[in-house]
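Reading the structure
Here are the chains, one letter per residue:
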Amino acid sequence: LKTVSDPVVLLTPGTPQNKALEWLLEEDKAVLCPDDFSCPRYPAFVQRYVMAVFYFSTDGGTWNECNAASDVCDPLEVAKANANCTVLANGIDVFRIDVTQGTDSWLSPSSECLWGGLACRNDTLCMDRIEFEDDGLGGTLPFEVQNLTELRYLIVEEGTTSGTIPSEYGTFRTLHILDLNFNTLTGTIPVEIYDLRLLFQLDLNDNFLTGTIATEIGTIQFLQFIQVEVNRLSGTIPEEMGNNSFLRVVEFFGNQLTGDMPQGLCDLRNDTGGGIFRLTADCDAGDAFFCELFRPRLLH
């Protein structure tokens, strides 16, 4: 685990990493062997450790649901905690990949794939989704999540999660959705995020993010949905966004952006042959520009 977390932090009492390590060694009833590669990308114990770090980093124990049992070694307490967990990682998946999921409490003896808000691919048991909305998550986002290399959905919204977005999150090979809206995140949008070549949705609105929108955003070929409204972003909207030809929803309002809306982005509106049906931005101080275009009819 010293290759997953900073060794000093790992061995420092009271840190999320040390709490996860102590739980794994002293309390976890799921005994995993170092050579268990149920997920072929990394040892099984790494995935379990990372999810425990996530739990302690985001103030697990104070969530609205799915908190660990008061005694994770007591079957009766675990059953009681399981009864207070209804969170499912069941958002729409256009690829319809079969997953294993459940509503067990966190740090329970069951597979972490069955803990509420998580889902693993059936074919590999690699973590596929972390999905929480309005469950009271706080704390900070741990960089160790980067080790879940097959993750496709990272959704932690409507909580009090603070700190910065780890630049390491730009290393995910298959991430489709990064949704961290309605939290208290600060700092800049890491330029590494624009290396997520399979990203469809970047949802960071209603935080306290600063800095600029980097020109590298134009390299996310399949980006369809970007919401960065109600932050403290400055600078201009990059001309390179005219390269994001799959865009459908684009929200910029409630920031400190300046300059003009790039013509290349305007040309992607669906009233000019493109796909954007919602485009918002601030025009002048105190005013907001809102453009609701022709919304596509939903097929049933």
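Look up: the structure comes first, before these words.
Reading the values: rules and limits
Residues numbered from 1 in each chain as written. Predicted model: local features only at pLDDT ≥ 70, side-chain atom pairs only at ≥ 80, totals over all residues. Heavy atoms only, no water. Disulfide = S-S within 2.5 Å. Helix = DSSP H or I, 4+ residues; strand = E, 2+ residues; numbered from the N terminus. Buried < 20%, exposed > 50% of the residue type's maximum accessible area, 1.4 Å probe, protein only. Expected span 1.5 Å × (residues − 1). Contact = heavy atoms within 4.5 Å. Polar contact = N/O pair within 3.5 Å; in protein donor to acceptor, adjacent residues only side chain to side chain. Core = buried A, V, L, I, M, F, W, Y, C linked by side-chain atoms within 4.5 Å. Axes fitted to C-alpha atoms, helices over the stretch in contact; angles between N-to-C directions. Parallel < 35°, antiparallel > 145°, perpendicular 65-115°, else oblique. Left-handed = near helix turned anticlockwise from the far one by under 90°. Nonpolar A, V, L, I, M, F, W, Y, C, P; charged D, E, K, R; others polar. Patch = residues over 30% accessible without salt bridge, like charges linked within 9 Å, V, L, I, M, F, W, Y side chains within 5 Å. Areas by Shrake-Rupley, 256 points an atom, 1.4 Å probe, with all protein chains shown as cover. Salt bridge = Lys/Arg side-chain N within 4 Å of Asp/Glu carboxyl O. Lys, Arg positive; Asp, Glu negative; His and termini not counted. Charge placed at Lys NZ, Arg CZ, Asp CG, Glu CD.

**Comments concerning the state of the cysteines**
By the definition in use, this model includes three disulfides. A sulfur-sulfur distance of 1.8 Å marks the disulfide that ties C39 to C126. With the S-S dihedral at roughly 90°, the linkage between C39 and C126 falls on the right-handed side. Here the residue C39 occupies a position in the loop between helix 2 (16–27) and helix 3 (44–57), and C126 occupies one in the loop between strand 2 (118–121) and strand 3 (127–133), the gap between them amounting to 87 residues. Just as C39 is buried, C126 falls in that class too.

**Details of helix 3**
Taking 1.5 Å of rise per residue, 14 residues should cover 20 Å, and helix 3 covers 20 Å from first to last C-alpha, within 8% of that figure. Across the 14 residues of helix 3, 12 count as buried, placing the element largely inside the fold. Of all the residues in helix 3, the buried ones are A44, V46, Q47, R48, Y49, V50, M51, A52, V53, F54, Y55 and S57. Lining the buried residues of helix 3 we find helix 1 (7–10), helix 2, strand 2, strand 3 and strand 4 (153–157). D59 lies just past helix 3 and shows a positive phi near 65°.

**Some remarks on the side chain of N231**
As for its position among the elements, N231 is in the loop between strand 7 (225–227) and strand 8 (234–235). At 3.3 Å, the side chain of N231 forms a polar contact with the backbone nitrogen of F208. Within the local environment of N231, its side chain forms a polar contact with the backbone oxygen of E229, the two atoms lying 3.4 Å apart. Beyond its immediate stretch of four places on either side in the chain, N231 contacts L204, N205, D206, N207, F208, L209, G254 and N255.

**What to know about the nonpolar core**
Counting residues in hydrophobic clusters, the biggest one holds 75 residues, and the most contacted among them are M51, F54, W106, I130 and F252. For this core, the secondary-structure elements that each account for two or more residues are helix 2, helix 3, helix 4 (75–82), strand 2, strand 3, strand 4 and strand 11 (278–281). With eight residues, the top contributor of residues to this core is helix 3. If we skip the residues at most four places from it in the chain, W106 touches M51, F54, Y55, W63, C66, N67, A68, A69, W115, G116, L118 and F132.

**Some details on the packing of helix 2 against helix 3**
Between helix 2 and helix 3, the shortest axis-to-axis distance is 8 Å and the interhelical angle comes to 130°. Classified by the interaxial angle, the pair formed by helix 2 and helix 3 is oblique. Note on packing geometry: the crossing formed by helix 2 with helix 3 is right-handed. Packed against helix 2, whose contacting residues are P16, Q17, K19, A20, L21, W23 and L24, the element helix 3 presents F45, R48, Y49, A52, V53, F56 and S57 at the interface. Among the residues forming the contact of helix 2 with helix 3, the class breakdown is 10 nonpolar, two polar and two charged.

**Topic: a nonpolar patch on the surface**
Among the surface-exposed residues, I92, V94 and F95 lie close enough to one another that they form a single nonpolar patch of about 370 Å² accessible area. With respect to the helices, strands and loops of the structure, I92 is situated in the loop between helix 4 and strand 1 (99–101).

**A word on a negative patch on the surface**
There is a patch of like negative charges on the surface, built from E192, D195, E216, E239, E240 and D260. Turning to its location among the elements, E240 is positioned in the loop between strand 8 and strand 9 (249–251).

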